[in-house]
Amino acid sequence: MSSTKQIHGTLLEKVAMAPKVTRYVILAPDIARRRRPGQFVIVRLHEGAERIPLTIADADPDRGTITLVVQEVGKSTAEMAHLLQEGDVFADVLGPLGMATHIERVGRVVGIGGGIGVAPLHPIAQGYKAQGNEVVGILGARSKDLMIMETEMRRACDRVRIVTDDGTYGEKGLVTDALRAEIEAHGNPDLVVAIGPLVMMRAVAEMTRTFELKTLVSLNPIMVDGTGMCGGCRVTVGGQVKFVCVDGPEFDAHGVDFDELFRRQRFYVPQETESYEAFKREHAHEPGGCRLRHLIDANANR
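What you see is a predicted model, and the numbers here were worked out from it, not measured in a lab. (Residues numbered from 1 in each chain as written. Predicted model: local features only at pLDDT ≥ 70, side-chain atom pairs only at ≥ 80, totals over all residues. Heavy atoms only, no water.)

**Student:** Now, about the pairing of strand E12 (residues 215-218): what can you tell me, with residues and values included?
**Tutor:** The alternating pattern of E12 places Thr215 and Val217 on one face and Leu216 and Ser218 on the opposite face, and all of these are buried. In this sheet, E12 lies alongside strand E11 (residues 191-195) in parallel orientation, the contact comprising three bridges. If you follow Val192 over to E12, its bridge partner there is Thr215. Handedness of the β-α-β unit built from E11, helix H6 (residues 198-211) and E12 comes out right-handed. Direction of pairing for E12 relative to strand E15 (residues 250-252): antiparallel, over a ladder of three bridges. Counterpart to Ser218 in the pairing with E15 is Glu250. (Buried < 20%, exposed > 50% of the residue type's maximum accessible area, 1.4 Å probe, protein only. Helix = DSSP H or I, 4+ residues; strand = E, 2+ residues; numbered from the N terminus. Pairing = 2+ DSSP bridges. Right-handed = clockwise from strand over helix to strand, strands pointing away.)

Pasting the structure below:
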């Protein structure tokens, strides 16, 4: 591939942010111009690869780029982390998809991001701030080395609270502890937005229900193909069946059937684990990822 040729879907930057978390900056001018907070893209690394729905963490319309922050959790995200290199071209970068976050001036908004959930929270915080709201960020992680995007969130928020499970950074505790402290210090916020692991979002929903606080959660972690065709992201909200990729990914936290979501998230764990372990065995002696790079290079030169 020529170094001077700019192709839609080219990976311009790849930076490790934390253990198993990588930031990817991709050339995608149309998506960068049209995307809204809360939306996602579907990427394929090469022909025959899995379709991966990934939330857009940031975008630069002037540069024509979108930013994805991806955690390595299975085969496809491991391919991205270990074999994809700057200058490679994705077979597909499709988007923006999903319902954009409904953003308006509501007053004080508390955005809660747990782990990798800070990435999709970032553009939502930006959006609420741009509408003149007071935005408070609560960022949680298991430990200091797993905290991501603190600098970006401090720019997007009026104030930021940091908590870690082990106390290695910020306050020791959970995001619900930080939310309780925020309420005690400043009163009830007008809106809470929580994004992170299901167990975290459920805990936030249970707490805010007792305070009668309007709360949104983003269920993007359970998306599969991103089109509504597979049914893998089916969720019950307020007694009605919804599909996260086309009806969401954000829903009223107090209406979500989290027990159903936990069961659904476990459906394909054995298959995902088997595929991930097979990938690691296959590439254990291939630090350069020769076979995958051949596929990516072939796609770039089509």
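**Student:** Report on unusual backbone geometry, specifying residues and quantitative values.
**Tutor:** For the bond running from Gly95 to Pro96, omega is 0 degrees, close enough to zero to count as cis. Along the chain, the position of Pro96 falls in strand E6 (residues 92-97). With a phi close to 65 degrees, Lys20 is a non-glycine residue in the positive phi region. For Met149, which is not glycine, the phi dihedral falls at a positive 55 degrees. Within the element layout of this structure, Met149 appears in the loop between strand E8 (134-141) and helix H4 (150-156).

**Student:** Could you give an account of helix H2 (residues 75-82), with specific residues and numbers?
**Tutor:** Each α-helix winds once per 3.6 residues, and so residues spaced three or four apart point in a common direction. Within H2, six of the eight residues are buried, which leaves the element mostly enclosed by the surrounding structure. All buried positions along H2 are accounted for by Ser76, Thr77, Ala78, Glu79, Met80 and Ala81.

**Student:** Can you lay out the packing of helix H5 (residues 175-186) against H6 for me, pointing to particular residues and giving the numbers?
**Tutor:** In contact at an axis separation of 10 Å, H5 and H6 are set at 25 degrees when each is read in the N-to-C sense. Here H6 runs roughly parallel to H5, going by the angle between their axes. Between H5 and H6 lies a crossing whose hand is right-handed. Contacts from Val175, Thr176, Leu179, Arg180 and Ile183 in H5 reach Met200, Ala203, Val204, Met207, Thr208 and Phe211 in H6. The residue makeup of the contact of H5 with H6, split by class, is eight nonpolar, two polar and one charged. (Axes fitted to C-alpha atoms, helices over the stretch in contact; angles between N-to-C directions. Parallel < 35°, antiparallel > 145°, perpendicular 65-115°, else oblique. Left-handed = near helix turned anticlockwise from the far one by under 90°. Contact = heavy atoms within 4.5 Å. Nonpolar A, V, L, I, M, F, W, Y, C, P; charged D, E, K, R; others polar.)

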